[in-house]
Amino acid sequence: MTETDGYLRVNELKNALYCPRISYYTLCLNIDRETDLSKGGIREEQTTKHRMKRRKGALHAVHEGERHFDVALVSHSHKFVGRLDEMVETERGVYLIDYKDAERDYGYRAMQMLAYKVAAEEMGWTVLGCYIYAIPTQTYEEIAFKRAGLAQLEQLLQMLHAMIEGEACPPPAKQLGKCQVCQYARFCNDVF
Ligand code: SF4
């Protein structure tokens, strides 16, 4: 279940960007098809988190800060919650870091990170920078947000809240390639 008391989880943005119908299955029908692959990814992130906590000098991109792990963030104005992997608190503000187990970015990272940034700022933090830590390569990538990013995030959140409210099933993905590798494929009789 990824929706509680009307609040969405930041992780849901990834599904919605891939295909809003997946969000419908998980949020409206409570069908959560966690794959061995995604379970493996979660395990990998947890192992990394454990390792990173012990490595004091691990964060080469940010210095002189106090590290916080698994930071709960909430945006009441946009009604979503999230748990950020790491926040580095400095005298001037904070840096946000999210760990990812896959090297390839399918376009979800910037949107999820923007959501974390929006929530952190709403909670009163000054956000100085946002980074992805790629577990396979052990490298940091600074996220640069597009000008239209905030409007796109708000549009996506509005679409999800409206979909939950109306319990309306969205149209299928336009790219058949997405459906061919989708773990929800057998539910979409109108596609195959
Ligand atoms: S099979 Fe296609 S339309 Fe159905 S949920 Fe997956 S990506 Fe979306």
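As the structure is a computational prediction, the values presented were derived from the model and not from experiment. (Residues numbered from 1 in each chain as written. Predicted model: local features only at pLDDT ≥ 70, side-chain atom pairs only at ≥ 80, totals over all residues.)

It is worth spelling out the site of the ligand at this point. Around the ligand, a shell composed of Cys19, Arg21, Ile22, Pro172, Ala173, Lys178, Cys179, Cys182, Tyr184, Ala185, Cys188 and Val191 is seen. Within the shell around the ligand, the residues separate by chemical class into 10 nonpolar, no polar and two charged. (Near = placed C-beta within 6 Å. Nonpolar A, V, L, I, M, F, W, Y, C, P; charged D, E, K, R; others polar.)

Time to look at the nonpolar core. With 30 residues, the main nonpolar core has Leu96, Ala115, Tyr116 and Tyr131 as its most contacted residues. Counting only elements with at least two residues in this core, the list comes to helix 1 (12–18), strand 3 (66–75), strand 4 (80–89), strand 5 (94–100), helix 4 (109–122), strand 6 (127–134) and helix 5 (149–166). (Core = buried A, V, L, I, M, F, W, Y, C linked by C-beta atoms within 7 Å. Buried ≥ 20, exposed ≤ 12 C-beta atoms within 10 Å, placed from the backbone. Helix = DSSP H or I, 4+ residues; strand = E, 2+ residues; numbered from the N terminus.)

Summing up the model confidence of the protein chain, the mean pLDDT is 84 and the portion of residues at 70 or higher is 79%. Averaged pLDDT values for the elements of the protein chain fall to 50 in strand 1 (residues 3–4) and rise to 95 in helix 4. (pLDDT = per-residue confidence, 0-100.)

Quick look at the environment of Arg109 now. Mapped onto the fold, Arg109 is located in helix 4. Remark: the alpha-carbon pair of Arg109 and Ile143, spanning 34 residues in sequence, is separated by 8.3 Å. If sequence neighbours within four positions are ignored, Arg109 has contacts with Lys100, Ile132 and Ile143. (Contact = placed C-beta atoms within 7 Å.)

Backbone geometry places Asp70, a non-glycine residue, at a positive phi of 50 degrees. Residue classification places Asp70 among the exposed residues on the basis of 11 C-beta atoms within 10 Å. A positive phi angle, close to 55 degrees, is found at Gln138, a residue other than glycine.

Viewed as axis vectors pointing N to C, helix 2 (residues 20–28) and helix 5 meet at an angle of 50 degrees, and their least axial separation amounts to 10 Å. Here helix 2 lies oblique to helix 5, going by the angle between them. Handedness of the helix 2/helix 5 crossing: right-handed. For the pair helix 2 and helix 5, the contacting residues are Pro20, Ser23, Tyr24, Leu27 and Cys28 in the first and Met159, Leu160, Met163 and Ile164 in the second. A breakdown of the residues in the contact of helix 2 with helix 5 according to their chemical character gives eight nonpolar, one polar and no charged. (Axes fitted to C-alpha atoms, helices over the stretch in contact; angles between N-to-C directions. Parallel < 35°, antiparallel > 145°, perpendicular 65-115°, else oblique. Left-handed = near helix turned anticlockwise from the far one by under 90°.)

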